[in-house]
Amino acid sequence: MQATVKTFDDATRSGSVYLDDGTELPFGADAFDAGPLRLLRFGQRVNIVLTEGRITYITLSTFPLPQG
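What counts as what
Residues numbered from 1 in each chain as written. Predicted model: local features only at pLDDT ≥ 70, side-chain atom pairs only at ≥ 80, totals over all residues. Heavy atoms only, no water. Salt bridge = Lys/Arg side-chain N within 4 Å of Asp/Glu carboxyl O. Helix = DSSP H or I, 4+ residues; strand = E, 2+ residues; numbered from the N terminus. Phe/Tyr/Trp six-rings, centres within 6.5 Å; stacked < 30°, edge-to-face > 60°. Buried < 20%, exposed > 50% of the residue type's maximum accessible area, 1.4 Å probe, protein only. pLDDT = per-residue confidence, 0-100. Core = buried A, V, L, I, M, F, W, Y, C linked by side-chain atoms within 4.5 Å. Contact = heavy atoms within 4.5 Å. Pairing = 2+ DSSP bridges. Axes fitted to C-alpha atoms, helices over the stretch in contact; angles between N-to-C directions.

Draft legend 1. The arrangement of the pattern of salt bridges in detail. All chains considered together, the criterion is met by 4 salt bridges. A salt bridge links Arg13 to Asp33; its shortest N-O distance comes to 2.7 Å. Of this pair, Arg13 sits in the loop between β1 (2–9) and β2 (14–19) while Asp33 is found in helix α1 (residues 29–34), placing the two residues 20 residues apart along the sequence.

Written out as structure tokens, the structure reads:
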């Protein structure tokens, strides 16, 4: 699923994204640390994995999502 970065705090490695329907979802350091990223910027397009309504993985839209 794709989204757009709304906020990112590099100190806590957490932030929030907007889904394409305008819904805002937060993500924690665990979701950020699961991927290969070092930082995010406002407005970046990202791929996310949702598990039970919670973001568990976030990466740039040009990077593949983990399989299985």
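Draft legend 2. Region of the structure containing the packing of aromatic side chains. Taken as a whole and judged by the stated rule, the model has 2 aromatic pairs. Summarising the aromatic geometry, the rings of Phe8 and Phe27 are spaced 6.4 Å apart at their centres and angled 15° between planes, so their arrangement reads as stacked. Pair noted here: Phe8 is in strand β1 and Phe27 is in strand β3 (residues 24–27), with a separation of 19 residues, a long-range link. Across this residue pair, the class does not change: Phe8 and Phe27 are buried. Seen in terms of ring centroids, Phe8 and Phe32 are 4.9 Å apart; in terms of plane orientation they differ by 40°. Their pairing is tilted. Of this pair, Phe8 sits in strand β1 while Phe32 is found in helix α1, placing the two residues 24 residues apart along the sequence. An aromatic cluster is defined as three or more aromatic residues linked by ring pairs; in this entry it consists of Phe8, Phe27 and Phe32.

Draft legend 3. How the structure looks around the confidence of the model for the protein chain. With 99% of its residues at a pLDDT of 70 or more, the protein chain shows a mean pLDDT of 94. For the protein chain, strand β4 (residues 45–51) is the element with the lowest average pLDDT, namely 95, and β3 is the one with the highest, namely 98.

Draft legend 4. Local environment of the nonpolar core. The biggest cluster of nonpolar side chains holds 16 residues, and the ones touching the most others in it are Val17, Phe27, Leu40, Val46, Ile48 and Ile58. Apart from residues no more than four positions distant in its own chain, Val46 is found in contact with Met1, Gln2, Ala3, Val5, Val17, Leu40, Ile58, Thr59, Leu60 and Ser61.

Draft legend 5. Molecular detail of the sheet that holds β2. Pairing is antiparallel in the open sheet, where 5 strands are placed in the order β3-β2-β1-β4-β5. Here the strands that pair on one side only, and so sit at the sheet edges, are β3 and β5 (54–60). Neighbour-to-neighbour, the strand axes of this sheet turn through a mean angle of 40°, independent of strand direction. Pairing analysis gives 4 bridges linking β2 to β3, with the strands arranged antiparallel.

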